[in-house]
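Breakdown of the fold
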Amino acid sequence: MTPERTREVFQMFNGKPTRRKSESGHHHRMVLNQLQNHPPRNSTQSPQRQPRLSESSAEFPNAPGSALRRNSTETHVFANRTHIHRDINVPACSNEDERVSTTRRNSLFVKRGSVTMEPIKKVDLEEVYTVNKQLGTGRFGFIKLAEHKQSKQRIAIKFFPRPQTKQADFVREYNYSFFLSPHQNIIDTYEGMFQSSDDTAFFFVQEFCPRASLREAVEATNQAGIGEANTKKVFAAVLSAIEFMHDENLVHRNLKAENILIFDANDYSKVKVTDFGLTRKVDTTVKYLEYVNNYHAAELCDTVVNEKLVVNKSTDIWALGIIFFYCMKGKFPWQKASIMCKPYWEWEQWLKRKNPALPKKFNPFSEKALKLFKKSLTPRFKDRWSAKDMRKCLAKEKLLKSVKRPDEDYYVMIDTATKSNRQSAASTSAGGENQEAGGPPQTEQGKRKSTLQQWISTTLTAMAEISEQVVSARDD
Ligand SMILES: Nc1ncnc2c1ncn2[C@@H]1O[C@H](COP(=O)(O)OP(=O)(O)OP(=O)(O)O)[C@@H](O)[C@H]1O
């Protein structure tokens, strides 16, 4: 397509003149520079290249493995990768490829995603990939593990069966997935839209997550949850990704534990968000689909099929509140955020101060964690926090009340008794020094209280002595 034709198509779908390449490149760099932990990149670097360079050494059996070799022969490694990537449609690194990559990213600005700048290429799957087991299924398609025959790299292929899938929906999902890829906590989508040569499916290619989704990780804990420290790690990653999307005025709209992928075996140090099939711009009008899930905000659960909704960031915040609870407790707070569902009704009653009793399931949480729930799982969507507020709270605050050991009360009693004994002995020997020294005169109630305390402490000391004697007699 000629540059003029490209501009025309952009104008047609955008209703305004397209950005010049240099402007969009600048915009894209600015966006990337906002990414947490991403140093500003220079203009010749492809945003996708940097993370992939470091990550891919483990994934390419043939690639130079050691960091030393990677650093010292970077150009050489790149040259090798370029070859591999071009074949499996991973953005490559030459200047020419860089330009292609930027142009493709511009295609995000094609409003309805119904026209694509690049053709959808037909591929004979069996020729290029060895397609293996199914990794997951969703409402719109399925994901399969595959191996790229030439490079031997394991990848995930997301298939969209035809004719059920509209081309516009496929193109939109690919565009969002590819555009968001540079973020370190978003799944990498490799460049290229394809359809199988037998016309049965559209597909695109993503990095393969070798471990599990957050759903599987939590289920493996047998309803114990993954703990405070791991939850914090997961949320640092997820919130960084969602903050990035929200800054770009995009709403994920399908946040759930299944769409959060855990890459490492045990320490939750590499976590990425996936599935941008429902992602839309803020304020887009969409039709409500018939299905409700645990993560749906109250306003969605009250909506009827085909009712029109305006896309809002706050629906992601609600889903994050649910995922937070799920990580910590290993189960969901309720099935559906509707007053017909008792656990939700109880929460809402407490939230609206109609019932002073906090639902029991929230008891283990600290005041700050409760605030996070109040600011995410509130039906008043305008009151919900931003992703940034959530990130700050989760990074700084303790999320669980400190747990008492079952025998802790006993030791506290003994400790209090000993202290109070010591105090009363000191005040007796000082002959009421406190009052003579101008200390506060004791009221009648105060006197009674201290007599009672003394009695309690004497009793406790006696009990402690008896129990010690019992223990030592038993040991003898
Ligand atoms: N790159 C990947 N590597 C490994 N497993 C993956 C990958 N991407 C997705 N999966 C698995 O496949 C499942 C379905 O993927 P995905 O959510 O993208 O499909 P979907 O059809 O869009 O689903 P949904 O019904 O949520 O819209 C995920 O829950 C996850 O377990």
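All of these numbers come straight from a predicted model, not from anything done at the bench. (Residues numbered from 1 in each chain as written. Predicted model: local features only at pLDDT ≥ 70, side-chain atom pairs only at ≥ 80, totals over all residues. Heavy atoms only, no water.)

Structural notes on the site of the ligand
- Around the ligand, 20 residues are found, and the nearest of them are Arg 139, Lys 158, Glu 207, Asn 259 and Asp 275.
- Separating an oxygen atom of the ligand from a side-chain N or O atom of Asn 259 is a distance of 2.8 Å.
- Contacts to the ligand include Asp 275, whose side-chain N or O atom sits 2.8 Å from an oxygen atom.
- When the free accessible area of the ligand is taken as 620 Å², the share hidden by the protein chains comes to 93%.
- At the level of elements, strand 2 (129–137) and strand 4 (154–161) are the ones that each hand at least two residues to the shell around the ligand. (Near = heavy atom within 4 Å. Polar contact = N/O pair within 3.5 Å; in protein donor to acceptor, adjacent residues only side chain to side chain. Areas by Shrake-Rupley, 256 points an atom, 1.4 Å probe, with all protein chains shown as cover. Helix = DSSP H or I, 4+ residues; strand = E, 2+ residues; numbered from the N terminus.)

Some thoughts on the nonpolar core
- Leu 214, Phe 324 and Trp 334 are the most contacted members of the largest nonpolar core, which has 66 residues in total.
- By residue number, the principal contributor to this core is helix 12 (residues 314–329), which donates 11 residues.
- If you count residues domain by domain, this core takes at least three from each of domain 1 (121–207) and domain 2 (212–394).
- Not counting chain neighbours up to four residues away, the residues in contact with Phe 324 comprise Thr 231, Phe 235, Phe 365, Ala 369, Leu 372, Phe 373, Leu 394 and Leu 399. (Core = buried A, V, L, I, M, F, W, Y, C linked by side-chain atoms within 4.5 Å. Buried < 20%, exposed > 50% of the residue type's maximum accessible area, 1.4 Å probe, protein only. Domains from an automatic or database assignment. Contact = heavy atoms within 4.5 Å.)

A look at the sheet that holds strand 3 (residues 142–148)
- If you trace the six strands from one edge of the open sheet to the other, you get 1-5-6-4-3-2, paired in mixed fashion. Edge positions in the open sheet fall to strand 1 (121–123) and strand 2, since each of these has one partner strand only. Averaged over all neighbouring strand pairs, the angle between strand axes comes to 40°, with direction disregarded.
- Bridge count between strand 2 and strand 3: six bridges; the pairing is antiparallel. Its bridge partner lying in strand 3, Gln 134 is registered against Lys 144.
- Contacts from helix 8 (residues 167–180) reach strand 4, strand 5 (194–196) and strand 6 (201–207) within the one sheet, and its direction differs from that of strand 6 by about 10°. (Pairing = 2+ DSSP bridges. Axes fitted to C-alpha atoms, helices over the stretch in contact; angles between N-to-C directions.)

Points about the packing of helix 12 against helix 15 (residues 387–396)
- Their axes nearest at 10 Å, the elements helix 12 and helix 15 cross at an angle of 25°. Considering the angle they form, helix 12 stands roughly parallel to helix 15. Between helix 12 and helix 15 lies a crossing whose hand is right-handed. Of helix 15, the residues touching helix 12 (which contributes Ile 317, Leu 320, Gly 321 and Phe 324) are Ala 387, Met 390 and Leu 394. (Parallel < 35°, antiparallel > 145°, perpendicular 65-115°, else oblique. Left-handed = near helix turned anticlockwise from the far one by under 90°.)

Focus: the sheet that holds strand 7 (residues 212–213)
- Overall, antiparallel pairing links the three strands, which are arranged 7-9-10 in an open sheet. Two strands lie at the open edges of the sheet, namely strand 7 and strand 10 (271–273), each paired on one side alone.
- Here strand 7 runs beside strand 9 (residues 260–262); their pairing, made up of two bridges, is antiparallel. Counted as the bridge partner of Ser 213 is Leu 261 from strand 9.
- Each of strand 9 and strand 10 touches helix 10 (residues 228–247); the most contacted strand, strand 10, lies at about 35° to it.

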